[in-house]
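The primary structure of each chain is shown beneath.
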Amino acid sequence: MDLNDPGSTLLFAFLSILFVVWFLKNKQRQKGRLPPGPPALPILGNLFHVNLKAPHKSLIKLSEQYGPVFTVWFGTYPAVVLCGFETIKATLIERGHDFGSRYSLPIFEKLSGGYGIIDSSGERWMQLRRFSFSTLRNFGMGQKGIEERIQEEALFLVTAFRDKKEDPFNPDFLLKCAASNIICSIVFGNRFEYGDKEFLSLLEMMAESSQIFNSPWLQLYNNFPKIMDFLPGPHKRIFQLVASLKKFLNKNIQSHKESFQKGFSRDYIDSFLIKMDEEKHKLDSEFNDKNLLMSTMDLFMAGTETTSTTLQWTLQILAKYPQIQEKIHHEIEEVIGSCRCPASEDRAKMPYTDAVIHEVQRYIDLVPMSLPHMASNDIEFRGYLIPKGMLVIPVLSSVLKGTNQWANPESFNPNHFLEENGCFKNSESFMPFSAGKRKCLGESLARMELFLFLTTLLQNFVFNPVIDRKDINFSSVSSGILNLPRMYKFCAISR
Ligand code: HEM
């Protein structure tokens, strides 16, 4: 290299900087006694070790070499990865306080500003989570109120399916309408007709956001936010979409403010406004406009796509395995019959159906890397020191598909949740909702929706695929945050 040549001098300077960054990074790793991990390149980190289309698979592969606790570098920042049942139990459950904070990825930080339930930690998170949990429970999550709303929505879904007149259709959109309407009735106190223009645009915005959230663009954004801010691409669209969603929610919050009566709550927004009023003299109250907006947004974002995608997967699995569909129908006929709506209390008498729903959730592995966690303080764990503020990734997939946990983890088999005598058998390794303090806030609601929607649909229809059953492919199309299925059309044949 000729250092008199300006080009070579620049290249030399650039390489020297890369070397210093690399050196400092490795020094920091030694100093912090971070868990081991694959060698990281300066600036790019372990980008070449992680397949951005299915990062959880790359992480599980790396754990075979580096053990259940290891470090990877996403661009310039490190993350501790947790794999396997024993490790996730020992961290999220047994040391819930240490591992229970939320790491705000650059994209979420920018969109939420750290407000709301999902993206906050500490006192703010505790206040909002406690409030949201008890408010959902008071509206009947696990009790009557919400159950009736789901039963009613399930009948709307049946009507919409029947309107297809047994022609082939992709149920995805209608399933999203149904799941979203449950959140609408909790948050706003009302549901929308499936053809309502405002509702349609809300669903389109959420679907597009979800597509972008699950694309490699977002992974790239989170790895290199400063660079990506200057580059064009779909990641830019997410800011417009979220701004429109906020506008829609703000309009509804405003109309609640105008019509709400103190001491009488119609829905989640009213309950939040009551709490804001109670704490209006408290200077550091977390019950303010920003947290109201972001918490309602969180319920929409976390509660629509998750449940509807699980139902979409379920119908695909049942269309592929007609014998499983028939066995569920047989149980429905025995326990519920055809004259009344399914109810939550039927579940205890329907072990096979319960086992199928559990197996669907295990097999589809919907949120394979959970949401990002963060070390709440300096943590000593298995001889390593994980510094406060470090990103922690619990790979739920490694538990849901763990070879030590399940007889045949890669196959769909309801027997994973059945005793030999046909009784339902639960498992500690069933963690599609994650585990510990940060476990999904909507778990009971989601479980109730999955049971009631599925049994009501199967009470009324047989689902037949349009293509040959053996061609239904269960490999996901993308798995950024969610494992998304390929889309197929079905015929819903009336019983
Ligand atoms: C099949 C359906 C669902 C699945 C598989 C699911 C799964 C998850 C997972 C894995 C997390 C991350 C937990 C962690 O950080 O470790 C989560 C968080 C969350 N979920 Fe769900 N979820 C579902 C449905 C719902 C529904 C219907 C709601 C609406 C009420 C909801 C609201 C939330 C909220 C607010 C959080 C954040 C909790 C926190 O940060 O404290 N989820 N969910």
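Look up a bit, the structure's there.
Residue numbers here run from 1 along each chain, matching the order of that chain's written sequence. Side-chain atom pairs in this predicted model are given and counted only at pLDDT of 80 or more, local residue features only at pLDDT of at least 70, and totals for whole chains, interfaces and linings cover all residues. Only hydrogens and water are set aside when side-chain values are computed; all heavy atoms of the structure are taken into account.

> Looking at this model, I keep getting lost on the overall build of the chain. Mind explaining?
In terms of regular secondary structure, the chain is built from 19 helices and eleven strands. Here the C-alpha radius of gyration of the chain, 24 Å, is about what a compact globule of 495 residues would show, namely 23 Å. For the chain, the spread of C-alpha atoms along the three principal axes comes to 85 × 60 × 45 Å. Summary of the burial criterion: residues with accessible area below 20% of their type's maximum are buried, those above 50% are exposed, and those between are partly exposed, where the area comes from a 1.4 Å probe applied to protein chains only. Counting over 495 residues, the chain shows a buried share of 54%. Each helix corresponds to a stretch of at least 4 residues labelled H or I by DSSP, and each strand to a stretch of at least 2 residues labelled E; elements are numbered beginning at the N terminus. Every radius of gyration here is taken over C-alpha atoms, with the globule rule written as 2.2 Å times N^0.38, N being the number of residues.

> Please explain the site of the ligand as it appears in this structure.
Being near a molecule or strand, for a residue, comes down to having at least one heavy atom within 4 Å of it. Lining the immediate environment of the ligand, one finds 27 residues, of which W125, R129, H373, S434 and C440 sit closest. Interatomic distance of 2.8 Å between a side-chain N/O atom of R129 and an oxygen atom of the ligand. The set of elements that each furnish at least two residues to the shell around the ligand consists of α6 (122-138), α14 (289-303), α15 (305-320) and α19 (443-460). In the scheme used here, Gly and all other residues not listed as nonpolar or charged are polar, with Ala, Val, Leu, Ile, Met, Phe, Trp, Tyr, Cys and Pro taken as nonpolar and Asp, Glu, Lys and Arg as charged. In terms of residue class, the shell around the ligand is built from 15 nonpolar, nine polar and three charged. As used in this structure description, the phrase polar contact means that two N or O atoms lie within 3.5 Å; if the pair is within protein, one of them must be able to donate a hydrogen and the other to accept it, and residues adjacent in sequence are counted only when both atoms belong to side chains.

> When you look at the pattern of salt bridges in this model, what are you seeing that I'm missing?
Opposite charge on two side chains permits them to pair, given that their charged atoms come into close proximity. Between Lys or Arg on one side and Asp or Glu on the other, a salt bridge is scored when a side-chain nitrogen of the former is within 4 Å of a carboxyl oxygen of the latter. Counting across every chain of the model gives 23 salt bridges. For E208, the salt bridge goes to R237, with nearest N and O atoms at 2.7 Å. Remark: R237 occurs in helix α12 (residues 234-259) and E208 occurs in helix α9 (residues 197-213); sequence separation between them is 29 residues. A relative accessible area of 28% places E208 in the partly exposed class. Three or more residues joined by partner-sharing salt bridges are found here, namely E153, R191 and E193.

> Explain the coordination of the iron atom of the ligand here, please?
Six octahedrally arranged donors around a metal ideally form angles of 90 or 180 degrees; four tetrahedrally arranged donors ideally form angles of 109.5 degrees. Metal-coordinating donors are taken as N, O and S atoms lying within 2.8 Å of the metal, or within 3.2 Å when the metal is Na, K or Ca; because water is left out, some sites can appear incomplete. Protein coordination of the iron atom of the ligand rests on one atom only, C440 (SG), at 2.3 Å. If you trace the backbone, C440 turns up in the loop between α18 (397-400) and α19.

> How should a nonpolar patch on the surface be read in this particular structure?
For patch building, the residue pool is restricted to those with more than 30% relative accessible area and no salt bridge; the joining distance is 9 Å between like charges and 5 Å between nonpolar side chains (Val, Leu, Ile, Met, Phe, Trp, Tyr). Note on areas: Shrake-Rupley with a 1.4 Å probe; residue coverage comes only from the protein chains shown. Nonpolar side chains collect at one region of the surface, where L41, I43, L44 and F48 lie side by side and expose about 360 Å² of accessible area between them. Looking at the element boundaries, I43 is found in the loop between α1 (6-31) and α2 (55-66). Of the residues examined, I43 reaches a relative accessible area of 33% and is grouped as partly exposed.

> Please explain the sheet that holds strand β4 (residues 373-374) as it appears in this structure.
Strand pairs in the sheet, formed through backbone hydrogen bonds, run parallel or antiparallel to each other. Reading across the sheet, the five strands line up as β1-β2-β7-β4-β3 and stay open at both edges, with mixed pairing between neighbours. The open sheet has two edge strands, β1 (69-74) and β3 (101-102), and neither has a second partner. The contact definition used throughout considers only heavy atoms, calling two residues in contact when any of these lie within 4.5 Å. All axes are obtained by fitting lines to C-alpha atoms, using only the stretch in contact for helices, and the reported angles, taken between N-to-C directions, cover 0 to 180 degrees. Sitting on the sheet, helix α3 (residues 85-93) is in contact with β1, β2 (77-83), β4 and β7 (391-395), with an inclination near 115 degrees to β2. Criterion used throughout: strands pair if DSSP finds at least two bridges between them.

> Explanation requested: the packing of helix α8 (residues 172-187) against α19 in the structure shown.
In helix packing, the relevant descriptors are the interaxial angle and the interaxial distance, both defined with respect to the helix axes. At a closest axis distance of 12 Å, the pairing of α8 and α19 adopts a crossing angle of 135 degrees. In this view, α8 runs oblique relative to α19, as classed from their interaxial angle. For the crossing formed where α8 meets α19, the hand is right-handed. Where α8 abuts α19, its residues A178, A179, I182, I183 and I186 lie against L445, E449 and F453. Put simply, angles under 35 degrees are roughly parallel, angles over 145 are roughly antiparallel, angles from 65 to 115 are roughly perpendicular, and the rest are oblique. Take the far helix as the reference: if the near one is turned anticlockwise from it by less than a right angle, the crossing is left-handed, and if turned clockwise, right-handed.

> Can you help me understand the nonpolar core in this one?
As a rule of thumb, nonpolar side chains are buried together in soluble globular proteins. Counting 104 residues, the largest nonpolar core has L157, F161, F188 and F300 as the members making the most contacts within it. Once you skip the residues sitting within four places of it in the chain, L157 turns out to touch L174, L175, A178, Y194, F453 and L457. Buried residues of nine kinds, namely Ala, Val, Leu, Ile, Met, Phe, Trp, Tyr and Cys, make up a nonpolar core once their side-chain atoms join them within 4.5 Å.

> So what exactly am I meant to see when it comes to the side chain of R191 here?
Mapped onto the secondary structure, R191 falls in the loop between α8 and α9. A polar side-chain atom of R191 sits 2.7 Å from a polar atom in the side chain of E153. Those residues in contact with R191, other than ones at most four positions away along the chain, are E152, E153, F156 and N181.

> I tried to follow unusual backbone geometry on my own but got confused; where do I start?
Residues other than glycine predominantly adopt negative phi, and peptide bonds predominantly adopt the trans conformation. The phi torsion at E166 lies on the positive side, around 65 degrees, for a residue other than glycine. With respect to the secondary-structure elements, E166 resides in the loop between α7 (144-162) and α8. In this structure, D365 is a non-glycine residue whose phi angle is positive, near 55 degrees. Among the structural elements, D365 can be located in the loop between α17 (351-364) and β4.

> Just checking my understanding: could you explain the packing of aromatic side chains for this structure?
The relation between two aromatic rings is expressed through the spacing of the ring centres and the mutual angle of the planes. Any pair of Phe, Tyr and Trp rings, taking the six-membered ring for Trp, is counted once the centres come within 6.5 Å. Such a pair is stacked with planes under 30 degrees apart, edge-to-face with planes over 60 apart, and tilted for the rest. As enumerated under the stated definition, the model contains 24 aromatic pairs in all. Taking the centre distance of 6.0 Å and the plane angle of 20 degrees together, the rings of Y77 and Y103 count as stacked. Of this pair, Y77 sits in strand β2 while Y103 sits in the loop between β3 and α5 (106-112), and the two are 26 residues apart along the sequence. We classify Y77 as buried; its relative accessible area is 14%. Here the aromatic cluster, defined as three or more aromatic residues joined through ring pairs, consists of F131, Y268, F272 and F287. Geometrically, a lysine NZ or arginine CZ counts as sitting over a ring once it is within 6 Å of the ring centre and also within 35 degrees of the ring normal. Above the plane of the ring of F156 lies R191, whose end atom (NZ or CZ) is 3.6 Å from the centre.

> Help me understand α9, please; the structure alone is not making it clear to me.
Within an α-helix, residues lying three or four positions from one another point in the same direction, as the helix has 3.6 residues per turn. Expected helix span is computed as 1.5 Å times (number of residues minus one). The terminal C-alpha atoms of α9 lie 24 Å apart, and with 17 residues this matches the ideal 24 Å at 1.5 Å per residue to within 8%. Where α9 is concerned, the buried positions are F199, L202, L203, M205, M206, S209, S210, I212 and F213. Considering only its buried residues, α9 is in contact with α5, α8, α10 (216-223), α12, α14 and α15. Where α9 begins, one side-chain oxygen reaches toward the backbone nitrogen of E198, 2.9 Å away; that side chain belongs to D196.

> Is there a simple way to think about the environment of D270 in this case?
The topology assignment puts D270 in helix α13 (residues 268-278). C-alpha separation for the pair D270 and F260, spaced ten residues apart in sequence, amounts to 6.6 Å. Those residues in contact with D270, other than ones at most four positions away along the chain, are H256, F260, F264 and S265. A distance of 2.5 Å separates polar atoms of two side chains, one belonging to D270 and the other to R266.

> Before we go on, may I ask you to explain the side chain of N214 in this structure?
Looking at where N214 falls in the secondary structure, it is placed in the loop between α9 and α10. Take N214: its relative accessible area is 5%, and that puts it in the buried class. One polar contact links the side chain of N214 to the main-chain carbonyl oxygen of S210, over a distance of 2.9 Å. Other than its neighbours up to four places away in sequence, N214 contacts S478, G480, I481, L482 and L484.

> Would you mind going over the pairing of β1 with me for this structure?
Regular strands show a simple pattern: their side chains alternate between the two faces of the sheet. When you tally the buried positions in β1, you get six out of six residues, the bulk of the element. Side-chain alternation along β1 places V69, T71 and W73 on one buried face and F70, V72 and F74 on a second face that is also buried. Turn length for the β1-β2 hairpin, with the two strands adjacent in sequence and antiparallel, is two residues, and the turn residue G75 shows positive phi of about 65 degrees.

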